[in-house]
Amino acid sequence: MFTLTDDERAISDTAREFAAECLAPNAIEWDQNKHFPVDVLRKAAALGMGGIYVSEDVGGSGLTRLDAVRIFEQLATGDPSIAAYVSIHNMVTWMIDTYGTDEQRHRWVPGLCSMDQLGSYCLTEPGAGSDAAALSTKAVRDGDDYVLTGVKQFISGAGTSEVYVVMARTGAPGPRGISAFVVPKGADGLSFGANEKKMGWNAQPTRQVVLDGVRVPAANLLGNEGDGFRIAMSGLNGGRLNIAACSVGGAQAALTKAVEYLAQRKAFGAALLDSQALQFQLADMRTELEAARTLLWRAAAALDADAPDKVELCAMAKRFGTDTGFEVANRALQMHGGYGYLAEYGLEKIVRDLRVHQILEGSNEIMRVVIARAVVGSAGTA
C-alpha cells in the first residue's frame, strides 16, 4: 500500500501534472467568475479521469479505489472545487456501471466516461439532509413509465449535467421504499433552481433539481424497486474517500504555499522559516496530513477488498481527512498573515473550498454516528 509500483506512480504523476498545468493557473479566476470549466473536465476525461474505477468495456479506466484517492489528492492540489466535482461525477458513473443492466451501462456510461455527458447525484432534499431515508420525492409507476415529483437540494453540476441519478420513493416510508432512477436532462418537467451563492466551491454550479411530473421509462430504474437507498449509500462510501482525498490535496497545496512564503518573508531581521515556533507548527501540519493520508489509503484498500469494516473505515477517513484538511489549510492562511486573506495568494480560496467537505457526503457528525454504531455493535457481540 505504501510503496507505489511504477504504474501507480505514473498514474499519480499524471494527475499532479494535469493539476499543475490545467487547474492551478486558473483556479482563482474560475472561483471569482463562478466559471465551470467543462472543456478542462473533458481534458481530464481524455486521461481516464471520467470513469476512474469504472469497467473498461464501457470506457472506464478499470483502476482501484486506492488509485482513485491518489488521483483526487493530486487534482485537489490544483483546485479542490474541480477535483470534488470530478469525484461526484465518478460516483454517478460508477453507480450506473455497477448497478445498471448491460443495456443501461452501454447506453449511459461511455458518454459519462468521456465527460461528453456530465453526471449529478440527487439524494439530498430541502427537508431531508442527514436523514436521507426520510426523502419525499415520489416515483409512481404508470404503465411502462415512472412519474417523478419532488425537489432535490444542493446538487453539484445541476443545470449543466446531462445525466441525473435520482433517489425517489416508490414504496413505504424508510430506506426500503426508495428506488434509484437515471433521469436525462431533456426530460419534460425537469428544471433547475438558481445557481446558489456559496462560501466556496464557486467553480462548480450548485442548484435545486425540480422534478414536476417527470416521466421516465421503467427501463431507467437502476436495480429493482427498493434498492435505491442501498445503491445511494454504496456510492457514498467511495464518495467519502474521494472528498477526504480532495481535502488532503488542498491542504497539501496550502502547506506548500506556507513553507514557500515563510522562506521568503523576513521579520525582526530573520526569515520566518527560521522561527522554531513556526517550524513546530509546520511539523504538526505535515504529521497530521500524513496521518490522514495513511488512514485514507487504508480505507481505500478495505473498500477495494470489500472488507467487513469498509463502511466505518470510509467514515473514519472522511471525518479525519476533512477535519484535518481544513485545519491545516486554516493554519497555513494564518502563517501568511494579512496576505493570506487576499485572494491573489490562493489560501483563502482553499480554506473556503475545504470547509464544505466537513458537511457533504454525510456530515462529520453523521460519520461519528456510523463509527460509533460499529464500535457499540462490536461491544455487543464481544
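Residues numbered from 1 in each chain as written. Predicted model: local features only at pLDDT ≥ 70, side-chain atom pairs only at ≥ 80, totals over all residues. Heavy atoms only, no water.

Peer 1: Help me out: how do you make sense of the overall build of the protein in this one?
Peer 2: Along the backbone of the protein there are 11 helices and 10 strands. The globule rule puts the C-alpha radius of gyration for 382 residues at 21 Å, and the 21 Å found for the protein is close to it. Seen along its three principal axes, the alpha-carbon backbone of the protein occupies a region of about 80 × 55 × 40 Å. Residues counted as buried form 53% of the 382 residues belonging to the protein. (Helix = DSSP H or I, 4+ residues; strand = E, 2+ residues; numbered from the N terminus. Rg over C-alpha atoms; globule rule 2.2 N^0.38 Å. Buried < 20%, exposed > 50% of the residue type's maximum accessible area, 1.4 Å probe, protein only.)

Peer 1: Any chance you could explain the UniProt feature "domain: Acyl-CoA oxidase/dehydrogenase middle" (unreviewed entry) in the protein here in plain terms?
Peer 2: Here, UniProt's "domain: Acyl-CoA oxidase/dehydrogenase middle" (unreviewed entry) annotation points to residues 121-214. Spanning residues 121-214, this segment combines 0% helix with 48% strand, and its end C-alpha atoms are found 17 Å apart. (UniProt positions renumbered as here; feature names shortened; annotations may be inferred.)

Peer 1: What is the right way to look at the UniProt feature "domain: Acyl-CoA dehydrogenase/oxidase N-terminal" (unreviewed entry) in the protein in this model?
Peer 2: As annotated in UniProt, the feature "domain: Acyl-CoA dehydrogenase/oxidase N-terminal" (unreviewed entry) corresponds to residues 5-115 in the numbering used here. Between the C-alpha atoms that bound residues 5-115 the distance is 28 Å, and the span itself is 72% helix and 0% strand.

Peer 1: Hey, could you run me through the side chain of His 89 in this one?
Peer 2: Looking at the secondary structure, you find His 89 in helix H5 (residues 80-99). Among the polar contacts made by the side chain of His 89, one reaches the main-chain carbonyl oxygen of Gly 50 at a distance of 3.4 Å. If near-sequence neighbours (up to four positions away) are discounted, His 89 is found in contact with Gly 50, Leu 112, Met 115, Gln 117, Leu 118 and Gly 119. (Polar contact = N/O pair within 3.5 Å; in protein donor to acceptor, adjacent residues only side chain to side chain. Contact = heavy atoms within 4.5 Å.)

Peer 1: Explanation requested: helix H6 (residues 102-113) in the structure shown.
Peer 2: Residues lying three or four places apart along an α-helix face the same way, a consequence of the helix completing one turn every 3.6 residues. The terminal C-alpha atoms of H6, which comprises 12 residues, lie 16 Å apart, in line with the 16 Å expected from a rise of 1.5 Å per residue. All of the buried residues in H6 are Gln 104, Arg 105, Trp 108, Val 109, Gly 111, Leu 112 and Cys 113. Of the surrounding elements, those touching the buried residues of H6 are helix H3 (38-46), H5, strand E1 (119-122), strand E4 (163-169), strand E5 (178-184) and strand E8 (221-222). With its phi angle positive at about 60 degrees, Met 115 sits one or two positions after the end of H6. (Expected span 1.5 Å × (residues − 1).)

Peer 1: Just checking my understanding: could you explain the layout of surface pockets for this structure?
Peer 2: Over the atoms rolls a probe the size of a water molecule, and in doing so it shows where empty space is left. Approximately 1,400 Å³ is the volume attributed to the largest pocket. As for the largest pocket, its lining consists of 48 residues, of which Leu 236, Ile 359, Leu 360, Glu 361 and Gly 362 are closest to the centre. Top element by residues in the lining of the largest pocket is helix H7 (residues 228-264). It accounts for seven residues. A class-by-class count of the residues in the lining of the largest pocket yields 23 nonpolar, 12 polar and 13 charged. In this structure, the second largest pocket occupies an estimated 350 Å³ of space. Lining the second largest pocket are 22 residues, and of these Ala 24, Thr 77, Gly 78, Ala 253 and Lys 257 sit closest to its centre. (1 Å grid on protein atoms, 1.4 Å probe; cavity = no way out; pocket = protein on both sides within 12 Å on 5 of 7 lines; lining within 4 Å. Points joined across faces, edges and corners; volume = space filled by probe spheres on them. Nonpolar A, V, L, I, M, F, W, Y, C, P; charged D, E, K, R; others polar.)

Peer 1: Is there a simple way to explain helix H10 (residues 347-355) in this structure?
Peer 2: For H10, the tally of buried residues reaches eight of nine residues, placing the bulk of the element in the interior. Every buried residue of H10 is accounted for by Leu 347, Glu 348, Lys 349, Ile 350, Val 351, Arg 352, Asp 353 and Leu 354. Looking at the packing, one finds that the buried side of H10 touches helix H2 (27-33), H5, H7 and helix H9 (310-335).

Peer 1: What is the right way to read the side chain of His 357 from this model?
Peer 2: Locating His 357 in the fold gives a position in the loop between H10 and helix H11 (364-381). Overall, the relative accessible area of 0% leaves His 357 in the buried class. A polar side-chain atom of His 357 sits 3.2 Å from a polar atom in the side chain of Trp 201. If near-sequence neighbours (up to four positions away) are discounted, His 357 is found in contact with Ala 84, Trp 201, Ile 243, Cys 246, Ser 247, Lys 318, Thr 322 and Asn 364.

Peer 1: So what exactly am I meant to see when it comes to empty space enclosed by the protein here?
Peer 2: Overall, the coordinates contain one cavity of 30 Å³ or more when judged by the stated rule. Here the largest cavity is characterised by a volume of approximately 40 Å³. The wall of the largest cavity is formed by Phe 18, Leu 23, Val 40, Leu 41, Ala 44, Leu 75, Ile 82, Ala 83 and Val 86. Elements supplying a minimum of two residues to the lining of the largest cavity: helix H1 (6-23), H3 and H5. Here the residues of the lining of the largest cavity are counted per class, giving nine nonpolar, no polar and no charged.

Peer 1: Would you explain unusual backbone geometry in this entry?
Peer 2: Phi at Met 115 takes a positive value of approximately 60 degrees, unusual for a residue other than glycine. Topologically, Met 115 is positioned in the loop between H6 and E1. In this structure Met 115 comes out as buried when scored by relative accessible area, which is 0%. In the Ramachandran plot, Glu 361 falls in the positive-phi region, its phi being about 55 degrees despite a non-glycine side chain. Mapping Glu 361 onto the fold places it in the loop between H10 and H11. Note on Glu 361: relative accessible area 11%, which makes it buried.

Peer 1: I'm lost on the environment of Arg 368 in this one. Help?
Peer 2: Along the chain, Arg 368 turns up in helix H11. Spatially, the C-alpha atoms of Arg 368 and Thr 149 are 33 Å apart, while their sequence positions differ by 219 residues. Excluding residues that lie within four positions of it along the chain, Arg 368 makes contacts with Arg 319 and Asp 323.

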